[in-house]
There are 2 protein chains.
Amino acid sequence: MLGLSISTISRALKNHPDISEKTKQRVNELATALDYEPNTNAIQLRTSKSNLFGLIVPTVSNFFYDSFIASVEEESRKNNYSLMILQSGDDPVIEMQNLKLCRQNRVSGVFTCLSSQTINIDSFTKFKDLEIPVIFFDLVPDMQGINKVCVADVLSATIVANTINIKKKKKVFALFGKPNLSITKKRLEAFKYNIDKKIVTTYLHANNTPEAEQFAMEAIKQNADTIFCMSDEILVGVMKAIQKAQLQIPTDIAVIAISNGFIPKLYYPEITYVETSGYKLGKLAFSSMMACMAGSAFMQELTIESMLVEGGSI
Amino acid sequence: MLGLSISTISRALKNHPDISEKTKQRVNELATALDYEPNTNAIQLRTSKSNLFGLIVPTVSNFFYDSFIASVEEESRKNNYSLMILQSGDDPVIEMQNLKLCRQNRVSGVFTCLSSQTINIDSFTKFKDLEIPVIFFDLVPDMQGINKVCVADVLSATIVANTINIKKKKKVFALFGKPNLSITKKRLEAFKYNIDKKIVTTYLHANNTPEAEQFAMEAIKQNADTIFCMSDEILVGVMKAIQKAQLQIPTDIAVIAISNGFIPKLYYPEITYVETSGYKLGKLAFSSMMACMAGSAFMQELTIESMLVEGGSI
DNA sequence: ATAACTTTCGCAAACGTTTGCGAAACGGTT
DNA sequence: AACCGTTTCGCAAACGTTTGCGAAAGTTAT
């Protein structure tokens with residue numbers, strides 16, 4: 001329509017110095033008039049650069065992951081990347097299908113959280129051969145030579161233990177999650193190491209909210225003065241039990257948790273917790289990804305700070 | 001490597017009847033040996049079919065949207081579509097950028113929830129010209145000739161009103177959300193219409209959780225016997241106020257809400273609520289999308305059923 | 001052996017871009 | 001007027017697929 005060649009149009013649209021200002025203006029005007037939008041597929045095919053990240057998560061519908069996703073999406077948009085979000089449903093088979101999808105879409109990188117069932121991570125190492133960066137977050141494989149971003153599990157559990165020590169508690173029930181997860185192991189170990197040995201401590205593993213509620217009822221029956229919840233999932237169950245028993249917090253029983261922060265603020269008094277922000281973790285994961293993209297072959301495990309947020313529950 | 005042409009390979013991989021079984025097998029073996037993955041960009045460019053949906057939401061980090069997303073993602077995967085998730089941050093400008101992204105990526109369809117600020121929906125109607133189906137959900141434009149899926153706002157509010165009527169309440173505070181949203185208008189109108197006129201009812205609009213808490217404190221001060229919460233956001237604030245005031249539910253004060261169901265189950269007694277499931281809405285939105293893709297030019301507003309889930313709060 | 005099918009495959013164009021290279025047009029200097 | 005240097009643009013190949021059409025090879029019937 002302008003009597004110009006395709007290449008000229010392409011260059012004009014991209015503000016190439018070879019093209020005169022007059023021409024650029026004519027092109028841009030027509031482009032907006034027709035509201036032309038470049039075809040991402042063609043661009044990516046031609047340049048073999050995708051500007052697409054994959055993000056695999058057990059489920060989107062989760063206090064922690066949703067804020068992580070929100071954070072990564074936000075950064076991606078700012079940096080002109082798109083995000084393809086995939087749920088594994090905690091199923092290693094679907095996880096593999098999702099990885100395949102990532103490859104087919106020629107993603108520039110993958111953020112992934114292992115499903116709690118995953119044992120074999122060969123499908124992930126394949127990405128290393130293809131030079132596609134993979135950032136593991138939250139639930140990460142227990143090995144070296146990969147990029148991981150995690151909340152500071154050891155530090156968090158240590159802070160909790162110290163807080164309980166300082167408050168001179170006598171009888172603590174510590175509720176942890178699934179025992180096979182590295183996140184559980186780390187928190188459990190650090191807690192055990194730091195809790196005052198004079199405190200009578202009962203350790204339990206709850207697989208889900210109802211189990212946590214059961215354990216909390218048991219704790220109440222045994223006159224525990226403190227319950228520690230390793231995660232929001234557990235906290236919810238514990239609070240249910242405490243409300244049922246009509247106990248006052250913190251006078252009848254104290255509660256402390258490791259949490260994203262949303263759930264603790266739902267109650268009054270608010271629950272004291274050590275913060276593990278999905279939002280911050282997302283930012284960290286993204287910057288780690290950008291470092292990889294920039295060529296840093298430096299594999300490392302990064303952690304975000306965690307700090308105590310005082311409610312009135314202990 | 002097999003002495004075959006590209007076209008034969010292509011056909012063999014797609015199980016085309018023209019290709020002999022022997023050849024197909026040889027091709028497939030080599031393909032898995034090399035672990036070949038087709039380039040989605042090339043396919044989409046060639047076929048101009050994208051198998052990609054866009055989903056625009058104010059924020060991923062939200063009780064309702066996260067389950068909606070989880071649901072749509074699940075269905076998409078089952079149907080061999082990918083999902084590109086975009087957050088608008090409730091900002092119409094970003095919303096427009098996201099729409100542009102959808103177009104550039106040649107999505108096959110868009111699921112979108114308006115930001116509460118959006119007035120001008122021209123950018124959306126542009127999609128209609130391009131014959132790209134758009135399914136609005138939750139916060140939908142107030143016009144005809146578009147596809148919308150919504151929770152049954154009128155029904156939900158009616159159920160709530162009737163429940164309050166039956167319980168013979170005397171003094172109700174009804175807390176609604178932002179007054180400009182269609183969702184608010186519909187619920188308010190239906191509630192007003194159905195609530196027993198003998199009941200003293202105070203209507204308030206809370207823009208966020210803290211405001212809801214303020215209003216709830218006011219309600220308590222004025223000895224209200226019932227508080228209705230239009231949304232989870234409001235419920236959270238109300239519960240905070242009630243816990244602060246150390247009131248017993250439902251003896252001192254009754255609570256009823258419209259909710260996704262997660263928050264009400266956090267408390268004891270659990271809050272009675274009318275369910276508006278993001279998960280179900282996602283399923284409905286997806287099937288509506290599939291209908292559009294199949295060529296149904298039939299624009300309509302669909303709603304999901306809602307039903308009362310009894311807790312012990314009223 | 002020839003003809004007439006059937007099976008099996010290859011050619012080449014097309015999708016919408018990017019980009020190295022070369023060429024036309026233009027301006028200025030002798 | 002011839003030459004040279006810039007500025008401004010076009011040609012064509014390439015990215016990895018799909019697909020209509022035609023052709024070679026194989027099979028069967030005469």
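Residues numbered from 1 in each chain as written. Chains lettered and ligands numbered in written order. Predicted model: local features only at pLDDT ≥ 70, side-chain atom pairs only at ≥ 80, totals over all residues. Heavy atoms only, no water.

Chemist: For this particular structure, what's the right way to read the sheet that holds strand β10 (residues 272–275) of chain A?
Modeler: Backbone hydrogen bonds hold the strands of a sheet together, and the pairing may be parallel or antiparallel. Residues and elements named next belong to chain A. Taking strand neighbours across the sheet as the criterion, the six strands line up as β7-β6-β8-β9-β10-β12 in an open arrangement whose pairing is mixed. A strand with exactly one partner marks an edge of an open sheet, and here the two such strands are β7 (200–205) and β12 (308–309). This element, helix α9 (residues 209–221), spans β6 (171–176), β7 and β8 (226–229) of the sheet and lies at about 170 degrees to β6. (Pairing = 2+ DSSP bridges. Helix = DSSP H or I, 4+ residues; strand = E, 2+ residues; numbered from the N terminus. Contact = heavy atoms within 4.5 Å. Axes fitted to C-alpha atoms, helices over the stretch in contact; angles between N-to-C directions.)

Chemist: Mind showing me how you'd approach the protein's contact with DNA strand C here?
Modeler: Residues in contact with DNA strand C amount to 25 residues; listed here are only the nearest, Ser 10 and Arg 46 of chain A together with Thr 8, Arg 11 and Thr 23 of chain B. The sugar-phosphate share of atoms of DNA strand C within 4 Å of the protein amounts to 51%. Between DNA strand C and Tyr 36 of chain A, the relevant distance is 2.9 Å, taken from a phosphate oxygen to a side-chain nitrogen or oxygen of the residue. In this structure, Thr 23 of chain B approaches DNA strand C through a side-chain N or O atom, which is 2.6 Å from a phosphate oxygen. For the surface near DNA strand C, the secondary structure elements donating two or more residues are α1 (6–13) and α3 (40–47) of chain A together with α1 (6–13) and α3 (40–47) of chain B. By residue class, the composition of the surface near DNA strand C is eight nonpolar, ten polar and seven charged. (Near = heavy atom within 4 Å. Polar contact = N/O pair within 3.5 Å; in protein donor to acceptor, adjacent residues only side chain to side chain. Nonpolar A, V, L, I, M, F, W, Y, C, P; charged D, E, K, R; others polar.)

Chemist: What exactly am I supposed to notice about a nonpolar patch on the surface here?
Modeler: Residues and elements named next belong to chain A. Nonpolar side chains collect at one region of the surface, where Met 1, Leu 13, Leu 34 and Tyr 36 lie side by side and expose about 460 Å² of accessible area between them. The residue Met 1 is located in the segment before α1 in this model. Judged by relative accessible area, which is 82%, Met 1 ranks as exposed. (Patch = residues over 30% accessible without salt bridge, like charges linked within 9 Å, V, L, I, M, F, W, Y side chains within 5 Å. Areas by Shrake-Rupley, 256 points an atom, 1.4 Å probe, with all protein chains shown as cover. Salt bridge = Lys/Arg side-chain N within 4 Å of Asp/Glu carboxyl O. Buried < 20%, exposed > 50% of the residue type's maximum accessible area, 1.4 Å probe, protein only.)

Chemist: Would you mind going over the pairing of strand β7 (residues 200–205) of chain B with me for this structure?
Modeler: For a regular strand, the rule is simple: side chains alternate between the two faces of the sheet. Residue and element names in this part refer to chain B. The pairing of strand β6 (residues 171–176) with β7 spans six bridges and is classified as parallel. Along β7, the bridge assignment pairs Phe 173 with Thr 202. As for the winding sense of the linkage, the β-α-β connection from β6 through helix α8 (residues 182–194) to β7 is right-handed. (Right-handed = clockwise from strand over helix to strand, strands pointing away.)

Chemist: Which parts of the structure should I look at to understand helix α4 (residues 63–78) of chain A?
Modeler: Note on helix geometry: an α-helix contains 3.6 residues per turn, so any two residues three or four positions apart are oriented the same way. Residues and elements named next belong to chain A. A rise of 1.5 Å per residue sets the reference length of α4, with its 16 residues, at 22 Å; its end C-alpha atoms lie 23 Å apart and thus fit the reference within 8%. In terms of residue burial, α4 counts as a mostly covered element, since 13 of its 16 residues are buried. Two or three places before Phe 64, at the opening of α4, Asn 62 has a side-chain oxygen 2.6 Å from that residue's backbone nitrogen. Two residues or fewer past α4, Asn 80 is found with a positive phi of approximately 60 degrees. (Expected span 1.5 Å × (residues − 1).)

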